[in-house]
Amino acid sequence: MTNDAIQEGGTSDHFSIFSSQATKIKYSYNKIREVKSHRIGELFSAYRDILWDDGRHKYNVSSFIGEIDEILLGERFSAFDQSTLDNLIGTLRQRGNSNATINRKMAALSKLLRKAHKMGDIHSLPEFRRQKERAGRIRFLERDEEARLFAAIKSRSEDAYRLSVFLVDTGCRLGEALGLIWNDIQEHRVSFWITKSGRSRTIPMTERVKEVIKLPAAEGRRPKGPFTKLSQAQFRAIWNDSKAEVGLGADDQVVPHILRHTCASRLVQGGIDIRRVQMWLGHQTLSMTMRYAHLATNDLDGCVTVLETPRCSGSDISGASTLSSHPPARREPKSEPAASEAPKPAKRSAKS
């Protein structure tokens, strides 16, 4: 409707038009939520039981988040900007954290912030960039080291010895072994359901593993699983005392997790391909298993054979110089045919 028409109709008609249109507009404020400020520790308390299962990993994450909250001085925020993240990473590096350690702490922080952002607690997220990690040396036990260490463990606890043998022959994590129940062991295979990646896996057992999962005859009720009598703290205490006894106390890499490295190293050195090693260990990505790829030297043995093959007598340097000093004999040009031997003229055809 034009302005002239509105003026002709008067002001009452004008307001009636806009009032009728306004009635079609509805406003809703019930979905608008005020963004408040929070501390990192408060967000962790709100979402830790949702994001992380109980266990050692959750304990480590709690330590990571506590350190981050301490670095940030308990600051409250409604948006976590990039400069705050960069300053946090710089502080961790100044404290001597390696890039690998920083990545693990940032992974926990990123998981927590993404959840808080999804729930509307914060309204912006920084970009998390993975720090470049160096491929560190992987320590594993030699056969004689294993024998000496296991003998010391056995003298202290039969249960700890059985668990040690199980760990080195299956390559499973300590928490996976302690969480086993009898129903997870069927015939010649063992299944791990409580895993770090959340993915179950089943592997065959060695003869030595079949023996150590058998409990000695004893009176009383059978435990829930083959290793449920031990806790992580008890096993680590026995481990530390035993490694000190056999002269490995100063080696900070000789921890229970070294048995997993040892299993992986033996598989690769024995010629098992990386993909099968990944399945055996339950690695979520192949890149995690590739840490052991440098031990697979069997495929390179043929290179040594080629390099050590004796050279042919005419292909070495001395042979080449000998040949170059005696150039090939000059070929004499073919002589023209004699007159008596001149070619006969071609016969004419019958038609000519």
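Thresholds, definitions, all that
- Residues numbered from 1 in each chain as written.
- Predicted model: local features only at pLDDT ≥ 70, side-chain atom pairs only at ≥ 80, totals over all residues.
- Heavy atoms only, no water.
- Helix = DSSP H or I, 4+ residues; strand = E, 2+ residues; numbered from the N terminus.
- Contact = heavy atoms within 4.5 Å.
- Axes fitted to C-alpha atoms, helices over the stretch in contact; angles between N-to-C directions.
- Parallel < 35°, antiparallel > 145°, perpendicular 65-115°, else oblique.
- Nonpolar A, V, L, I, M, F, W, Y, C, P; charged D, E, K, R; others polar.
- Pairing = 2+ DSSP bridges.
- pLDDT = per-residue confidence, 0-100.
- Core = buried A, V, L, I, M, F, W, Y, C linked by side-chain atoms within 4.5 Å.
- Buried < 20%, exposed > 50% of the residue type's maximum accessible area, 1.4 Å probe, protein only.
- Salt bridge = Lys/Arg side-chain N within 4 Å of Asp/Glu carboxyl O.
- Phe/Tyr/Trp six-rings, centres within 6.5 Å; stacked < 30°, edge-to-face > 60°.
- Polar contact = N/O pair within 3.5 Å; in protein donor to acceptor, adjacent residues only side chain to side chain.

### Side note on the side chain of Asp159
Then comes step 1: Here Asp159 shows up in helix 7 (residues 158-170).
Then comes step 2: With residues up to four places along the chain from it excluded, the contact list for Asp159 reads Lys229 and Leu230.

### Overview of the packing of helix 7 against helix 11 (residues 258-269)
Then comes step 1: Here helix 7 crosses helix 11 at 40 degrees, and the two axes come no closer than 6 Å. If you check the angle between helix 7 and helix 11, you find them oblique. The segment helix 7 lies against helix 11, with Ser164, Leu167, Val168, Asp169 and Thr170 engaging Leu259, Thr262, Cys263 and Arg266.
Then comes step 2: Class assignment of the residues belonging to the contact of helix 7 with helix 11 gives a composition of 4 nonpolar, 3 polar and 2 charged.

### Description of the packing of helix 3 (residues 56-71) against helix 4 (residues 82-94)
Then comes step 1: Relative orientation of the contacting elements helix 3 and helix 4 amounts to 110 degrees, with a least axis distance of 11 Å. Relative to helix 4, the element helix 3 lies roughly perpendicular. Contact with helix 3, carried on its side by Glu67, Ile68 and Ile71, involves Leu88, Thr91 and Leu92 of helix 4 and no other residues of that element.
Then comes step 2: Residue classes in the contact of helix 3 with helix 4 are distributed as 4 nonpolar, 1 polar and 1 charged.

### Some remarks on the sheet that holds strand 1 (residues 185-186)
Then comes step 1: The strand order across the open sheet formed by 3 strands is 1-2-3, and the pairing between neighbours is antiparallel. Each end of this open sheet is capped by a strand with a single partner; those strands are strand 1 and strand 3 (201-204).
Then comes step 2: Note that strand 1 and strand 2 (residues 189-192) share 2 bridges and pair antiparallel. Bridging across to strand 2, Gln186 finds its partner in Arg189.

### Some thoughts on the confidence of the model for the protein chain
Then comes step 1: Per-residue confidence for the protein chain averages 82 on the pLDDT scale, and 77% of its residues sit at or above 70.
Then comes step 2: Segment residues 14-20 is flagged for pLDDT under 50; beyond a separation of four residues in sequence, or across chains, it makes 2 contacts in the model.
Then comes step 3: Throughout residues 348-352 the model reports pLDDT below 50, and contacts reaching past four residues in sequence, or to other chains, amount to 0 contacts.

### Considering the nonpolar core
Then comes step 1: Formed by 48 residues in total, the largest nonpolar core has its most connected members in Leu163 and Phe166.
Then comes step 2: Those elements that place two or more of their residues in this core are helix 6 (143-156), helix 7, helix 8 (174-178), strand 2, helix 9 (207-212), helix 10 (232-245), helix 11 and helix 12 (274-281).
Then comes step 3: Ranked by residues supplied to this core, first place goes to helix 7 with 7 residues.
Then comes step 4: Not counting residues up to four positions away in its chain, the partners in contact with Phe166 are Gly171, Cys172, Ala177, Leu180, Val190, Phe192, Val209, Val212, Ile213 and Phe227.

### What to know about the pairing of strand 2
Then comes step 1: Hairpin connection of strand 1 to strand 2: 2 residues between the antiparallel strands, including Glu187 at a positive phi of 55 degrees.
Then comes step 2: Note that strand 2 and strand 3 share 4 bridges and pair antiparallel. Paired with Ser191 across the strands is Thr202, a residue of strand 3.

### Looking at the pattern of salt bridges
Then comes step 1: Per the counting criterion, the structure on display carries 20 salt bridges.
Then comes step 2: Arg39 is paired through a salt bridge with Asp69; the nearest N and O atoms lie 2.8 Å apart. Highlighted residues: Arg39 in the loop between helix 1 (3-22) and helix 2 (40-51) and Asp69 in helix 3, separated in sequence by 30 residues.
Then comes step 3: The network of salt bridges with shared partners includes Glu67, Glu70, Arg95 and Lys105.

### Some thoughts on the packing of aromatic side chains
Then comes step 1: In this structure the tally under the stated criterion is 6 aromatic pairs.
Then comes step 2: With a centroid separation of 6.4 Å and an interplanar angle of 85 degrees, the aromatic rings of Phe150 and Tyr161 are classed as edge-to-face. Taken together, the residues Phe150 in helix 6 and Tyr161 in helix 7 connect sequence positions 11 residues apart.
Then comes step 3: Here Phe150 falls in the buried class, since its relative accessible area comes to 4%.
Then comes step 4: Ring geometry for Phe166 versus Phe192: centroids 6.3 Å apart, planes at 65 degrees, classification edge-to-face. Placement of Phe166 in helix 7 and of Phe192 in strand 2 is noted, with a sequence separation of 26 residues between them.
Then comes step 5: A residue is classified by how much of its surface remains accessible, and Phe166, at 0% relative accessible area, is buried.

### Here we look at the side chain of Thr262
Then comes step 1: Locating Thr262 in the fold gives a position in helix 11.
Then comes step 2: In this structure the side chain of Thr262 is engaged in a polar contact, spanning 3.0 Å, whose partner is the backbone nitrogen of Leu141.
Then comes step 3: Look past the residues within four positions of Thr262 in its chain and what remains in contact with it is Phe140, Leu141 and Val168.

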